[in-house]
Structure formats: C-alpha cells, structure tokens
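Fold and contact review
Residue-level listing of the chains:
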Amino acid sequence: MLSPLLANIALTALDEHFARQWEPDKGQRKKRTRKGLGNWRLVRYADDFVIMVHGSRGHAEALRAEAAAALAPLGLQLAGEKTRVIHIDEGFDFLGFTIRRMRKRGTSKHYVYTVPSRKAIQAVKDKVAVKTYRATQNQDLAALLQNVNRTLAGWANYFRHGVSKAVFSAVDSYTWGRIMRWLRRKHKGRTRLGMTELRRRFCVPGTWIFAASGVRLDGAASVPVTRYRYRGTRIPTPWAPQPEQQAAAGS
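Residues numbered from 1 in each chain as written. Predicted model: local features only at pLDDT ≥ 70, side-chain atom pairs only at ≥ 80, totals over all residues. Heavy atoms only, no water.

It is possible for side chains bearing opposite charge to pair when their charged atoms get close. Taken as a whole and assessed by the stated rule, the structure comprises 4 salt bridges. A salt bridge links Asp-48 to Lys-82, with the shortest nitrogen-to-oxygen separation between them at 3.8 Å. Of this pair, Asp-48 sits in strand 2 (residues 48-54) while Lys-82 sits in the loop between helix 4 (57-71) and strand 3 (92-94); the two residues are 34 residues apart in sequence, bridging distant segments of the chain. (Salt bridge = Lys/Arg side-chain N within 4 Å of Asp/Glu carboxyl O. Helix = DSSP H or I, 4+ residues; strand = E, 2+ residues; numbered from the N terminus.)

If you want it as structure tokens, here you go:
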C-alpha cells in the first residue's frame, strides 16, 4: 500500500499520459462530439481519481482500460471494488462527497449536487457516539461539549463547500440526542431527569442549546456553508507552459 506522498509521485505518470493525449479545449470538444468521439477530464487527488467523460459508456470503458494500461508499467493496478463506470445521474462517491446530477426541486432543471456521502455522515456520527458512551460520564458537561464541538467543527469545515446545510442540521440533531441520553444516564441515580428539568439545568435559557461553564454546543451548523467555485483551469500544472515559457519559445 502506497503512502499518499508516494502515490502522488507515482501517479504523476497517469497525469502525464492523459496530458499527452490532450484534454480538448472547448472548440476541439465540439469537433470531437460531432465526429462521435468522447471528451474527458481527469481529476486526481493522491491515489484517488475520476475521469469524467462526455460520451457513451463505450468511451468511458475505453478510458478505464487506457488508465489501467498507463499504470501497469509502474506495477500498479486499479482497485476492482472501487473502480466503476457509472452515469452522473446515478452518482458516485469521491473524497467523502457524493456527486450526482438531480432535478432541482420545484423546477425542470437539473444540476450536479455535491453532498457529504452516507459513509462520511456515518463516520462523524460514530465519533460522536464514542465521545458520548457510558465510559465518558466521568467528565463534566463542559468538557464533553468542547470535545464534541472540536469534532463537529473539523468535520463541517471539510464539507462546508458542498450542499451540506441540511446534513449539518441532521448531524446536530443526532448529536443533541446523544448528549441528552448521556446526561440522563449520568444523573440516573437521582430522580429521573425529565425534559423540562433537563432544559432548565443544562440549556441556554429559553433555548434547547446545551451549555455549561460558558461552553455551549455549537454543532456542525455553526460552520457557514460556502459553495466552492471551480478554478481548475487557473491552477498551474507541471505540463502547462507558463506565459514566460511561451514567450521564450516564441522568441
């Protein structure tokens, strides 16, 4: 198994292979489409990559075979269980996100949505569950809230560039329920802690937000969602000639 650094170095060969095959510009893409040829764009992060294809399933399968052939001389091969040819309307997971084209509610228009994947959502719920197990009841509520806040803030900051607002709220709702049960178990030796008493003792007055010793449950929803703007064409790449190199070549 390669480390991310070694994978990034090794798979530069894949980048260079597709660069030699050239990723068509807008005018070339139109010409290829008229001829019934496929167009593509390679997106890679360390050893995870997606080849987006505008064309038929046959074009996509041919590019998958081409990628496998480019990796073979390096002693690398595609992971069979993770490599699929799939339509954008079915969606796929990449770097923790589910990317899928869907109809916008209330309209006939379709857009590509990027949301946290089910696996990513379950992973952060599992972390919250671990932090609110019975074994953690020796700590006070303030320490618990600080710990949970750090986990949710870190997770939400990664996913804040997607369509994540509803997911953040759902994760916060799950977290609130876990802390509520944690408090009830912690104080079960006394009179059963009802919802009214729980709110009076452990929430910000007039709200259902847990707080203790100046620390409150902020949750994932406290992280603002900022949609990511594509800027891939403006990021320098090793094979793209820079302006000064082009000028030197012209002279």
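With 82% of its residues at a pLDDT of 70 or more, the protein chain has an overall mean of 83. Per-element averaging of pLDDT across the protein chain places helix 9 (residues 243-250) at the bottom with 47 and helix 5 (residues 118-131) at the top with 97. Below a pLDDT of 50 lies the segment residues 245-251, which in the model reaches 2 contacts outside its immediate sequence neighbourhood of four places, other chains included. (pLDDT = per-residue confidence, 0-100. Contact = heavy atoms within 4.5 Å.)

Its identity as a non-glycine residue notwithstanding, Leu-95 has a phi of 55°, on the positive side. Along the polypeptide, Leu-95 turns up in the loop between strand 3 and strand 4 (97-103). For Leu-95, a relative accessible area of 31% puts it in the partly exposed group. One non-glycine residue with positive phi stands out, namely Ser-213, at about 50°. Mapped onto the elements of the fold, Ser-213 is located in the loop between strand 6 (211-212) and strand 7 (215-216). (Buried < 20%, exposed > 50% of the residue type's maximum accessible area, 1.4 Å probe, protein only.)

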